[in-house]
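Next come the chains, spelled out residue by residue.
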Amino acid sequence: ITDKLETKELEGCVGKVISEIVGTPDVQVSLSDIASNDEYTYTHSVSTMVYSLMIARKLNYSDQKMTMLGMGTLLHDIGKIWEYKTSASGDAEFTTNGVLFGHLYMGASLIKQYSQKHSYNKEKVQLLTHLILSHHGTLEWGAVSCPAVAEAFALHYIDNLDAKMYTCEEQCENLNFGEMTEKKPFGLDNRIYKPDYNK
């Protein structure tokens, strides 16, 4: 019963985030651009949104706070549309703007551009911009500013966790049970071992 209730609550939360997106045609176009240009970033963005809403529900976040976290996680990498140029074979290389500005700045610029076209709540725009600019967590890791609100801390750790889980899964696909990667994968501090649970 609890699982069913939580699923229904989660569906309602996702619905609120989606309705915010649906009310913003420019953002819809940007999300579809991510889906067509970079499947990983699109999947990662949707996954982090779902994780964030599950965590927010457990923390008894208000609907407003939950919607803001959901929006931030869904849109945190939206600047990657212009950061990379992806070929039909899936190879990606940095664009000139990607090298000069990076996806955090370009994502925040997109939010500013949309907010100037429409009469959005200034506080929400400010918070959403902060979530995008701070989601790398530290200046050392490329954040423009460090997290200063609870939603920004949550986004940073959820983003980091999802990226690391993806790397682990990707590496394990190329391993037999009981084997370990030869090198440390990018972004991780150790080699990856694929356990043989049937031993």
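For the structure itself, consult the block above.
Below you will find a few notes about this structure.

What counts and what doesn't
- Residues numbered from 1 in each chain as written.
- Predicted model: local features only at pLDDT ≥ 70, side-chain atom pairs only at ≥ 80, totals over all residues.
- Heavy atoms only, no water.
- Helix = DSSP H or I, 4+ residues; strand = E, 2+ residues; numbered from the N terminus.
- Buried < 20%, exposed > 50% of the residue type's maximum accessible area, 1.4 Å probe, protein only.
- Contact = heavy atoms within 4.5 Å.
- Areas by Shrake-Rupley, 256 points an atom, 1.4 Å probe, with all protein chains shown as cover.
- Patch = residues over 30% accessible without salt bridge, like charges linked within 9 Å, V, L, I, M, F, W, Y side chains within 5 Å.
- Salt bridge = Lys/Arg side-chain N within 4 Å of Asp/Glu carboxyl O.
- Phe/Tyr/Trp six-rings, centres within 6.5 Å; stacked < 30°, edge-to-face > 60°.
- Lys NZ or Arg CZ within 6 Å of the ring centre and 35° of its normal.
- Core = buried A, V, L, I, M, F, W, Y, C linked by side-chain atoms within 4.5 Å.

Scanning the protein chain from terminus to terminus reveals nine helices and two strands. Starting at the N terminus and ending at the C terminus, the protein chain contains elements arranged as α-α-α-α-α-β-β-α-α-α-α. For the protein chain, the residues scored as buried account for 38% of the 199 residues in total. Put simply, 51% of the contacts in the protein chain that link residues at least 6 apart link residues at least 24 apart. A total of about 12300 Å² of accessible surface is found on the protein chain, and carbon and sulfur atoms cover 55% of it.

Residues Phe94, Val99, Leu100, Phe101 and Tyr105 make up a contiguous nonpolar surface patch of roughly 550 Å² in combined accessible area. Structurally, Phe101 can be placed in the loop between α6 (96–100) and α7 (102–117). With a relative accessible area of 44%, Phe101 lands in the partly exposed category.

We now examine the packing of aromatic side chains. Applying the stated rule across the entire model yields two aromatic pairs. When the ring centre of Tyr61 is taken as reference, the NZ or CZ atom of Lys65 above it lies at 4.5 Å. Cation over ring: Lys194 sits above Phe177, and NZ or CZ is 4.7 Å from the ring centre.

It is worth spelling out the nonpolar core at this point. Formed by 26 residues in total, the largest nonpolar core has its most connected members in Leu69, Leu75, Ile111 and Leu128. Sorting the residues of this core by element identifies α3 (39–58), α4 (63–75), α7, α8 (122–134) and α9 (150–173) as the ones contributing at least two each. If you tally residues by element for this core, the top one is α4, at six residues. For Leu69, the residues in contact, after removing those within four places along its chain, are Ser52, Ala56, Tyr61, Glu151, Ala154 and Leu155.

Turning our attention to the pattern of salt bridges. Overall, the coordinates contain one salt bridge when judged by the stated rule. Of the charged contacts, one joins Lys80 and Asp77 as a salt bridge, the two residues approaching to 3.6 Å between their closest N and O atoms. In this structure Lys80 comes out as buried when scored by relative accessible area, which is 17%.

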